[in-house]
Amino acid sequence: MSARLWSLGVFLVALGIAAHVVGWETLLWIPRAALDSLLWVPAAITEAIRSAPATTGVIALGVVLMLLARVLGRRRGGGQN
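Residues numbered from 1 in each chain as written. Predicted model: local features only at pLDDT ≥ 70, side-chain atom pairs only at ≥ 80, totals over all residues. Heavy atoms only, no water.

Participant: Can you walk me through the overall build of the chain in this structure?
Facilitator: When helices and strands are tallied, the chain shows four helices and zero strands. Along the chain, helices and strands appear, N-terminal first, in the series α-α-α-α. In summary, the chain has a C-alpha radius of gyration of 23 Å against a globular reference of 12 Å for 81 residues, an excess of more than 25%. Overall size of the chain, expressed as C-alpha extent along the three principal axes, is 55 × 40 × 15 Å. Taken over 81 residues, the chain has a buried fraction of 2%. When the accessible surface of the chain is split by element, carbon and sulfur atoms take 71% of a total near 7400 Å². (Helix = DSSP H or I, 4+ residues; strand = E, 2+ residues; numbered from the N terminus. Rg over C-alpha atoms; globule rule 2.2 N^0.38 Å. Buried < 20%, exposed > 50% of the residue type's maximum accessible area, 1.4 Å probe, protein only. Areas by Shrake-Rupley, 256 points an atom, 1.4 Å probe, with all protein chains shown as cover.)

Participant: Would you explain the environment of Arg-70 in this entry?
Facilitator: As for its position among the elements, Arg-70 is in helix α4 (residues 53–75). Taking relative accessible area as the criterion, Arg-70 reaches 54% and is therefore assigned exposed. Between the C-alpha atom of Arg-70 and that of Gly-23, which follows or precedes it by 47 residues, the distance is 48 Å.

Participant: Help me understand a nonpolar patch on the surface in this model?
Facilitator: Taken together, the side chains of Val-13, Ile-17, Val-21 and Val-22 define a hydrophobic patch exposed on the protein surface, amounting to about 380 Å² of accessible area. Take Ile-17: it is sitting in helix α1 (residues 2–22). Look at Ile-17 and you get exposed, because its relative accessible area is 52%. (Patch = residues over 30% accessible without salt bridge, like charges linked within 9 Å, V, L, I, M, F, W, Y side chains within 5 Å. Salt bridge = Lys/Arg side-chain N within 4 Å of Asp/Glu carboxyl O.)

Participant: Got a minute to help me understand the environment of Ala-48 in this structure?
Facilitator: Residue position: Ala-48 is located in helix α3 (residues 29–51). Using a relative accessible area of 36% as the deciding quantity, one classes Ala-48 as partly exposed. With residues up to four places along the chain from it excluded, the contact list for Ala-48 reads Pro-53 and Thr-56. (Contact = heavy atoms within 4.5 Å.)

So, in structure tokens, the structure goes:
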């Protein structure tokens, strides 16, 4: 428990120093950019499904078959053919 508290303290000190040097707006830009990127992915998938449903269906079927092959390969002895 003390090691975790120490690590948390070190992290908070480093965060405080970084915020003092570059400012909170600059420091929080990275998480905001990452969140924006994560929110973009579902929107892009939805748009792809609407614009080309047949192509998306083929891709989805391929993914399902790949996952099925992986599951069956693990059951039969480590995926060896």
